[in-house]
Amino acid sequence: MTQQLVEVTGGVDTHRDTHTAAAVDAAGRVLGSAQFEATTAGYAALLGWLRSFGTVVLVGVEGTGAYGAGLARHLRAAGIRLVEVDRPDRKTRRWQGKSDPVDAEAAARTALAARRTGVPKDRDGQVEALRNLRVARRSAVTARADAQRQMKTLIVTAPEPVRARLRRLPVRELVATCAAAAPQLGQASDPSIAVMIALRSLARRHQQLTTEITELDQLIGPLVTAINPRLLAAKGVGPEVAGQLLVTAGDNPGRLRSEAAFAMLCGAAPLPASSGRTHRHRLNRGGDRQANCALWRIVITRMAKDPATRAYVQRRTKDGLSKKEIIRCLKRYVARDVYDLLTQPDDLKLAA
């Protein structure tokens, strides 16, 4: 057998500055391992090294959504079939040890066996742009909430004149009042003055973050509409929820094998917990928790405003189910509707 007829499967353990690659043949025999720089030149050298052993049929990469994102783009552009592999479990590491070459060999064998693998997300389309904007928005929302909580905490412990004046103001008025304050900076050693200086700083930060969030929302809304208007038009789905579900599915939602796989990805597929004569399911605490939260928001909105959903809740309540159990059931149904809208947005009717 000539070298060019050898079918090579690669595995890559990715890190910030370097990637370690391993190559195995169709029988799982290790052909070699090497380390490369995490740069464009390094990606090209890695692929050339793999091809030196024969025909590259598959490459398994750890962390295609993090340190391996650049390598995944390079391999995809070169027409290489690519899968994402999970890191080795603890039992495997106890037996094999832990090093970059060992992890790369494990990634190659995992890809070859098609065990714990998945199609990685494409990261060169509109959904990737949406994800970047949402990262900035989520950070701004979190920071604004922190600033608001810190303001309220300072007011609780502030001297009584300040506390009495500010404690009952609604948030919008509180922020405006504190932002417009003009405390004497030269008297910062006075607790009453110092607390107003701190409140003014936090209030102005709150206003700046609100402006950032508004600007990002003006970009995110039209982008979500352009990507999948039918999803945005579904009952209970707004730009925030639709944006999260689109990011969870990625630019290539066809990678999701079925609506059951999507439900599992979102943590909305109950797990069997039966034993003997007991037949039951338990809550799934895995999956993408942000996507699970998006499904929850759809369910809560429909429970409040959708007649069909409210009728379902009444019927299941009579069957003896608790509110939490009903919500879990509804999230599973909503996951099915959302999957259809994500994967076939032009062919299916709006979710009921």
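Above this text you will find the structure in question.
Note that this is a predicted model, so its numbers are computed, not measured. (Residues numbered from 1 in each chain as written. Predicted model: local features only at pLDDT ≥ 70, side-chain atom pairs only at ≥ 80, totals over all residues. Heavy atoms only, no water.)

**Quick notes on the side chain of E128**
Its location among the elements puts E128 in helix α5 (residues 126–157). Beyond its immediate sequence surroundings of up to four residues, E128 is in contact with R123 and D251. (Helix = DSSP H or I, 4+ residues; strand = E, 2+ residues; numbered from the N terminus. Contact = heavy atoms within 4.5 Å.)

**Details of the sheet that holds strand β4 (residues 55–61)**
Sheet architecture is open: six strands sit in the order β3-β2-β1-β4-β5-β6, paired in mixed fashion. Each having just a single partner strand, β3 (30–37) and β6 (117–118) make up the two edges of the open sheet. As judged from the two bridges shared by strand β5 (residues 82–85) and β6, these two strands associate in the antiparallel manner. Pairing of V85 across the sheet is with T117, part of β6. (Pairing = 2+ DSSP bridges.)

**Considerations on the side chain of H206**
Within the element layout of this structure, H206 appears in helix α8 (residues 191–227). Setting aside its immediate chain neighbours within four residues, H206 contacts R144, Q148, V171 and V175.

**With respect to the packing of aromatic side chains**
Using the criterion set out here, one finds four aromatic pairs in the structure. Between Y312 and Y333, the ring centres sit 5.8 Å apart and the planes meet at 85°, which makes this aromatic pair edge-to-face. Here Y312, found in helix α13 (residues 307–318), pairs with Y333, found in helix α14 (residues 323–343); they are 21 residues apart in sequence, far enough to count as distant. (Phe/Tyr/Trp six-rings, centres within 6.5 Å; stacked < 30°, edge-to-face > 60°.)

**Quick look at the packing of helix α12 (residues 289–305) against α13**
Interaxial distance between α12 and α13 falls to 6 Å at its minimum, and their mutual angle equals 90°. Considered as vectors, α12 and α13 are oriented roughly perpendicular to each other. Contacts between α12 and α13 involve R302, M303, A304 and K305 from the former and P307, T309, R310 and V313 from the latter. In the contact of α12 with α13, the residues fall into four nonpolar, one polar and three charged. (Axes fitted to C-alpha atoms, helices over the stretch in contact; angles between N-to-C directions. Parallel < 35°, antiparallel > 145°, perpendicular 65-115°, else oblique. Nonpolar A, V, L, I, M, F, W, Y, C, P; charged D, E, K, R; others polar.)

**Here we look at the packing of α13 against α14**
Packing of α13 against α14 brings their axes to within 10 Å, and their N-to-C directions diverge by 135°. If you check the angle between α13 and α14, you find them oblique. Classified by chirality, the crossing of α14 by α13 is right-handed. Only I326, C329, L330 and Y333 of α14 make contact with α13, whose side of the interface consists of T309, Y312, V313, R316 and T317. Residues belonging to the contact of α13 with α14 are distributed by class as follows: six nonpolar, two polar and one charged. (Left-handed = near helix turned anticlockwise from the far one by under 90°.)

**Remarks on the pairing of β4**
Burial analysis of β4 places five of its seven residues in the buried class, the great majority of the element. Summarising the sheet, strand β1 (residues 7–14) and β4 pair through six bridges and their orientation is parallel. Paired with G11 across the two strands is G60, which belongs to β4. As judged from the three bridges shared by β4 and β5, these two strands associate in the parallel manner. (Buried < 20%, exposed > 50% of the residue type's maximum accessible area, 1.4 Å probe, protein only.)

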